[in-house]
Amino acid sequence: VGWATWSTAVYRALTLLVAASPCALALGTPSAVLAGIAQAARRGVLIKGGVHLENLGTLCTMTFDKTGTLTVGQPEVTGVTAIGAESGDALLRIAAAAERQSQHPLAQAVVRAATARQLTVPEAGPLESITARGVRADVEGQSVEIGSARLWTDRQIEVPVIVDVAVKQQQDAGRSVMIVRHGSQWLGVLGLADQPRPEARDVLARLREIGLRPLVMLTGDNRGVAEAVGKTLGVDQVKADLLPEDKVSAVQALMQAHGPLAMVGDGVNDAPALAQATVGIAMGGAGTGVALETADVALMGDDLRTLPFAIGLSRQAAGIIKQNLAISMAVIALLVIATLVGWAGIGTAVLLHEGSTMVVVANSLRLLTY
């Protein structure tokens, strides 16, 4: 249009193409995400994608499973109530026969108790797991059922009063309970206690300091045990006696009330809630395969102290991404103007263009020191 000669116009056009090429803009986000995921992995936090790293920084509240998550997941049999003519040893012997096929922490506690008493444990048939209710297997020609009262009441089978009394006694002592039935005979009730993780209370306090609340415990355990553990750890809310679908409903309700939410769990029963949450976090060492596959983040060392670290890292990554976008856009805007009016030649454009790319990458690499 007569503003410049052809040679000048072509030169400035080529310079403008170099100046406006958005290399730094394109690298600003992925370089920060990769650095953030790498630093998380160094600290034992496996994040399965950039979107999950970014979502960690948006969390408003967090929910936790109890057994194996807020507690160490190594309960011990601390109460044995035999019913009728059965002895405590007979009760443990039959229970251990079925439970030794299970990897659940409560099942392993029963097996350890039987081993400690040097009991001869019979062989059992294949174990059938009834989600959030209990297990079933054939032992000595008869079906053995072990679980909560729900295992029978859901089938309209009445639990005897003497069993209910034994369950209440164990629960009042702050224990999880397992009712054992062999064939048509009620053998008794086992009470198990688990210890809170030593770091759990401090972690919850730290999460509150960085703005996450309420902190809610979701458990299928009875309310008495759940309230006792919750009081010890200082959680804000306790929701007990939950089936897997109840945990999903609780997560949905909390998300509607408070915003983005993380669910932390380790078991098969937690998998639906992990999938429903904004970010599902599994205990990597103690967690089941289903929980690990469903979750977006895994704590490979089962260390709850990495939770505040992961959230802080995500927020830092989000800040660095914004800085990178601002730097790259500012440099492009400056170079576009400078090349159009002839203030910058192609050499200057190349230097500033490539320089901004290096600055953005270096800025992202700061996450490796977080």
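Everything below is about the structure shown above.
It should be emphasised that the depicted structure is a prediction, and the values quoted were computed from it without experimental measurement.

Peer 1: Please clarify how the sheet that holds strand β5 (residues 134-139) should be interpreted in this entry.
Peer 2: Strand order in the open sheet formed by six strands is β3-β8-β7-β6-β5-β4, and the pairing between neighbours is antiparallel. The open sheet has two edge strands, β3 (76-82) and β4 (128-130), and neither has a second partner. Going across the sheet, the axis of each strand differs from the next one's by a mean of 20°, ignoring polarity. Its contacts with the sheet put helix α5 (residues 88-99) on β3, β5, β6 (142-147), β7 (176-182) and β8 (185-193), and the angle it makes with β8 is roughly 80°. Seen against the sheet, helix α8 (residues 161-172) touches β3, β7 and β8 and runs at an angle of roughly 5° to β8.

Peer 1: Help me out: how do you make sense of a nonpolar patch on the surface in this one?
Peer 2: There is a patch of nonpolar side chains on the surface, built from W6, V10, Y11, L14, L17, I346 and V350 and spanning about 740 Å² of accessible area. Broken down by secondary-structure element, the contributors of at least two residues to the nonpolar patch are α1 (6-20) and α15 (346-365). Of all the elements, α1 adds the most residues to the nonpolar patch, at five residues.

Peer 1: Hey, could you run me through the side chain of N363 in this one?
Peer 2: Its place among the elements puts N363 in helix α15. For N363, a relative accessible area of 11% puts it in the buried group. Polar contacts involving the side chain of N363 include one to the side chain of Q323, which spans 3.2 Å. In this view, N363 contacts I320, Q323 and N324; residues no more than four positions away in its chain are not counted.

Peer 1: Got a minute to help me understand the packing of α1 against helix α14 (residues 306-340) in this structure?
Peer 2: Helices that pack against each other are described as a pair by the angle of their axes relative to one another and the distance between those axes. Interaxial distance between α1 and α14 falls to 9 Å at its minimum, and their mutual angle equals 175°. What the angle tells us is that α1 and α14 run roughly antiparallel. Here R12, T15, L16, A19 and A20 of α1 lie close against α14, whose contacting residues are I332, L335, V336, T339 and L340. In terms of residue class, the contact of α1 with α14 is made up of seven nonpolar, two polar and one charged.

Definitions and cut-offs
- Residues numbered from 1 in each chain as written.
- Predicted model: local features only at pLDDT ≥ 70, side-chain atom pairs only at ≥ 80, totals over all residues.
- Heavy atoms only, no water.
- Pairing = 2+ DSSP bridges.
- Helix = DSSP H or I, 4+ residues; strand = E, 2+ residues; numbered from the N terminus.
- Axes fitted to C-alpha atoms, helices over the stretch in contact; angles between N-to-C directions.
- Contact = heavy atoms within 4.5 Å.
- Patch = residues over 30% accessible without salt bridge, like charges linked within 9 Å, V, L, I, M, F, W, Y side chains within 5 Å.
- Areas by Shrake-Rupley, 256 points an atom, 1.4 Å probe, with all protein chains shown as cover.
- Salt bridge = Lys/Arg side-chain N within 4 Å of Asp/Glu carboxyl O.
- Buried < 20%, exposed > 50% of the residue type's maximum accessible area, 1.4 Å probe, protein only.
- Polar contact = N/O pair within 3.5 Å; in protein donor to acceptor, adjacent residues only side chain to side chain.
- Parallel < 35°, antiparallel > 145°, perpendicular 65-115°, else oblique.
- Nonpolar A, V, L, I, M, F, W, Y, C, P; charged D, E, K, R; others polar.

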